[in-house]
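Survey of secondary and tertiary structure
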Amino acid sequence: MFIKKLLCALSLSALFSSPALAQVQLDQRDVSIPEDYPAETVQARLVTSGPTLLFSDSPEMVYHNGILYRDTVQGKVRLFYHHVNAVPGTKKLAIVLKNDKMRPVNYKILQQGIAGPGYNYMAVGKESQHKYFAPKGQRQTSGSLGFGHSVELLNGRGVLLDTNQLSTGTIDIELDRPGQISVFMCEPQADLELFNDSAMVQPMDEHPLRGTFAKSNWEYTLKKPLHGEKPVKLKLAGSDGEGYIKGVDATTGLPAENYGNYGVIYKVNFTVDGKRPVSFIVNPIGGYFAGYGILVHKGKQQLVPLPDYDLCFGETIEEAVELGKLKNGQYSFIWSPPGASNLPIELIWQTGRIRRS
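Now for a look at the structure at hand. Source: prediction; values computed, not measured.

So, how was this worked out
- Residues numbered from 1 in each chain as written.
- Predicted model: local features only at pLDDT ≥ 70, side-chain atom pairs only at ≥ 80, totals over all residues.
- Heavy atoms only, no water.
- Helix = DSSP H or I, 4+ residues; strand = E, 2+ residues; numbered from the N terminus.
- Buried < 20%, exposed > 50% of the residue type's maximum accessible area, 1.4 Å probe, protein only.
- Areas by Shrake-Rupley, 256 points an atom, 1.4 Å probe, with all protein chains shown as cover.
- Polar contact = N/O pair within 3.5 Å; in protein donor to acceptor, adjacent residues only side chain to side chain.
- Contact = heavy atoms within 4.5 Å.
- Salt bridge = Lys/Arg side-chain N within 4 Å of Asp/Glu carboxyl O.
- 1 Å grid on protein atoms, 1.4 Å probe; cavity = no way out; pocket = protein on both sides within 12 Å on 5 of 7 lines; lining within 4 Å.
- Points joined across faces, edges and corners; volume = space filled by probe spheres on them.
- Nonpolar A, V, L, I, M, F, W, Y, C, P; charged D, E, K, R; others polar.
- Pairing = 2+ DSSP bridges.
- Axes fitted to C-alpha atoms, helices over the stretch in contact; angles between N-to-C directions.
- Expected span 1.5 Å × (residues − 1).
- Core = buried A, V, L, I, M, F, W, Y, C linked by side-chain atoms within 4.5 Å.

1. Side note on the overall build of the chain
Broken down by element type, the chain carries three helices and 24 strands. Per-residue burial over the chain gives 53% buried out of 357 residues. With an accessible surface of roughly 16,100 Å², the chain has 50% of that area assigned to carbon and sulfur atoms.

Shown next as C-alpha cells:
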C-alpha cells in the first residue's frame, strides 16, 4: 500500500509533455463521491464495431521465454499488450508480424502508444495512453512482407526489460492479407526471426487475460438529453450491464473473456440541455486509476489527463475527478481502460455543488 501511495504522489510534469490537443476548455478538480451517491443509471444504446483486438497479458509476469500470444489476422487490427520481466537479468520483449503465406502482405501502422520499459506500472500505463490518444505528429508507417519475411513492430528490434520492468502499449495496424502476429519474450541476443519460428507458446497464468476479440470499439449514446435535475451515472468496463468482450484464445482454441475490456476503445455520446452547466465526473470505483481520454465538442477536442493533479487517483472509493462544467451542446468522451489501472469506472453527470475531497 505504501508503494502505491508513493507512485500516486509523483508529479505529472516530470512524466509527460503538454497535451497536443487543448481546445475544449475544462477546469479539472478533485471531488468526493460517496459510495452511496444517489445517482440513477442512464439508458444508453450500444453499438460495437471496429478492429479485431489481440490482447496479450497472460502471463503478465513472465518467468519463461516463449510465445505469450499469437494469432493470424487480416484487416484492421488493434494489439494491446502488457508484460513484465519477472526473472533476474535482462530479457527482450518483441512483437513480430510475419507473412507465412505465398502472396505478399502489405501492412500499415495507423496509430500507436508504446511505453516502457519502466518500474512504475501506473506511469507506464498512463504514458502509453498519452501517446496513443495524442497522435499529432505521428507518421504512419507501412511496408510489404514477402513469403517468410517478418518485421518487429515495437522499434524494429524489440524492447529490453530489466528485472521487474514493464512494457505496455496499443498498436493499430491494417493488413491487406492474413499475417501472423506474435508477442514473445526471449534472450537479449536472440535472433527474433529464428526464435519466432521455434519458440513454444507459454501457458496462461492464474489471470486468464489474452485472446482475440471482434469489434473492439464500443460506442454508447445516451437516449435522453441531460437536464441536470438529478445526478445520473453510466458504469463502464465492469461485469454488469454489457459485461466484457468475448472471443477466443487463438493459441488453444478455448473461449476467452477480456476481464476489464483492456484494448477496447469507448466513445460515449451525450447531450447537455438544461438551464445550468452540468458537472462531468469520472469516478474510478475499482481502485487506483491513471489514464487519458478525449472530450469532443463542436468539432473541437481536448486531451484530458485522468487526473491532471497527480499521477493517479482512486485510493479511496470516494476519490473522483470533475473534468469540468459543461454548457448546452453535444459531447463525446473517448477513453480506454489503461494497463495497470483498476476497473470499472463511472461517468457521472450532475448540477449543483460537489463536495471537495
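Read on, since the account is not over.
2. Side note on the side chain of His82
Topologically, His82 is positioned in strand E6 (residues 66-85). A polar side-chain atom of His82 sits 3.3 Å from a polar atom in the side chain of Thr168. The contacts of His82, once residues within four sequence positions are left out, are Ser56, Asp57, Glu60, Leu166, Ser167, Thr168, Gly339 and Ala340.

3. Description of the pattern of salt bridges
For the structure on display, the rule yields 11 salt bridges. Taking the shortest distance from any N to any O, the salt bridge between Glu40 and Lys230 comes out at 3.3 Å. Highlighted residues: Glu40 in strand E2 (residues 40-41) and Lys230 in the loop between strand E14 (217-222) and strand E15 (232-236), separated in sequence by 190 residues. The class for Glu40 is partly exposed, based on a relative accessible area of 44%. The closest approach of N and O atoms between Arg78 and Asp172, which form a salt bridge, is 3.2 Å.

4. Overview of the layout of surface pockets
Taken as a whole, the second largest pocket holds about 360 Å³ of empty space. Along the walls of the second largest pocket sit 17 residues, with Val42, Lys224, Pro225, Leu226 and Val232 positioned nearest its centre. When residues of the lining of the second largest pocket are traced back to their parent elements, those giving at least two are E2 and strand E24 (345-350). Its residues placed into classes, the lining of the second largest pocket shows seven nonpolar, five polar and five charged.

5. A word on the pairing of strand E8 (residues 105-118)
Where a strand is regular, its side chains alternate between the two sheet faces. Where E8 lies against strand E9 (residues 141-145), five bridges are found, and the strand directions are antiparallel. Looking across to E9, one finds that Ile109 is bridged to Thr141. Of the pairings in the sheet, the one linking E8 to strand E12 (residues 166-186) comprises nine bridges and is antiparallel in character. The partner of Ala115 across the bridge, within E12, is Thr168.

6. A few points about the sheet that holds E2
One open sheet holds the six strands; their spatial order is E1-E22-E19-E24-E15-E2, and the pairing between them is mixed. In the strand order of this sheet, the two ends are held by strand E1 (29-32) and E2, each with one partner.

7. Details of the sheet that holds strand E18 (residues 265-272)
Read from one edge to the other, the open sheet built from six strands follows the order E3-E14-E18-E23-E20-E21, with strand pairing classed as mixed. The open sheet is flanked by strand E3 (44-49) and strand E21 (300-306), the only strands paired with a single partner. Within the sheet, the average angular offset between the axes of one strand and its neighbour, ignoring direction, is 20°. With five bridges joining them, E14 and E18 adopt parallel strand pairing. Each residue of the ladder has a partner; that of Tyr220, found in E18, is Val268.

8. What to know about helix H2 (residues 121-133)
Given a rise of 1.5 Å per residue, 13 residues ought to cover 18 Å, and the 19 Å separating the end C-alpha atoms of H2 matches this to within 8%. The buried count for H2 comes to 10 of 13 residues, which makes it a mostly enclosed element. Within H2, the full set of buried residues consists of Met122, Ala123, Val124, Gly125, Lys126, Ser128, Gln129, His130, Tyr132 and Phe133. For H2, the N-terminal capping position is held by Asn120, with its side-chain oxygen 3.3 Å away from the main-chain nitrogen of Met122.

9. Comments concerning unusual backbone geometry
For the peptide bond that leads from Gly116 to Pro117, omega is 10°, which places it in the cis range. With respect to the secondary-structure elements, Pro117 resides in strand E8. Here the residue pair Leu306 and Pro307 is connected by a cis peptide bond, since its omega of 0° sits within 30 degrees of zero. Relative to the elements of secondary structure, Pro307 occurs in the loop between E21 and strand E22 (319-326). A positive phi angle is found at Asn164, which is not glycine, with a value near 70°. Looking at where Asn164 falls in the secondary structure, it is placed in the loop between strand E11 (159-161) and E12. Among the residues examined, Asn164 registers a relative accessible area of 40% and is labelled partly exposed. The backbone of Lys215 sits at a positive phi, close to 55°, despite the residue not being glycine. Within the secondary structure, Lys215 is located in the loop between strand E13 (210-213) and E14.

10. Section: the nonpolar core
Within the largest apolar cluster, 40 residues are counted, with the highest numbers of intra-cluster contacts made by Phe270, Phe333 and Trp349. The biggest single contributor to this core is E18, with four residues. Residues contacting Phe333, with those up to four places away along its chain left out, are Tyr266, Lys267, Val268, Phe270, Phe280, Val282, Gly293, Ile294, Leu295, Leu306, Leu323 and Leu347. Counting residues in each nonpolar core, the second largest holds 26 residues, with Tyr69, Leu93, Ile95 and Tyr107 among its members.

11. Quick word on the environment of Gln165
The topology assignment puts Gln165 in the loop between E11 and E12. Separated by 75 residues in the primary sequence, Gln165 and Thr90 have C-alpha atoms spaced 9.4 Å apart.

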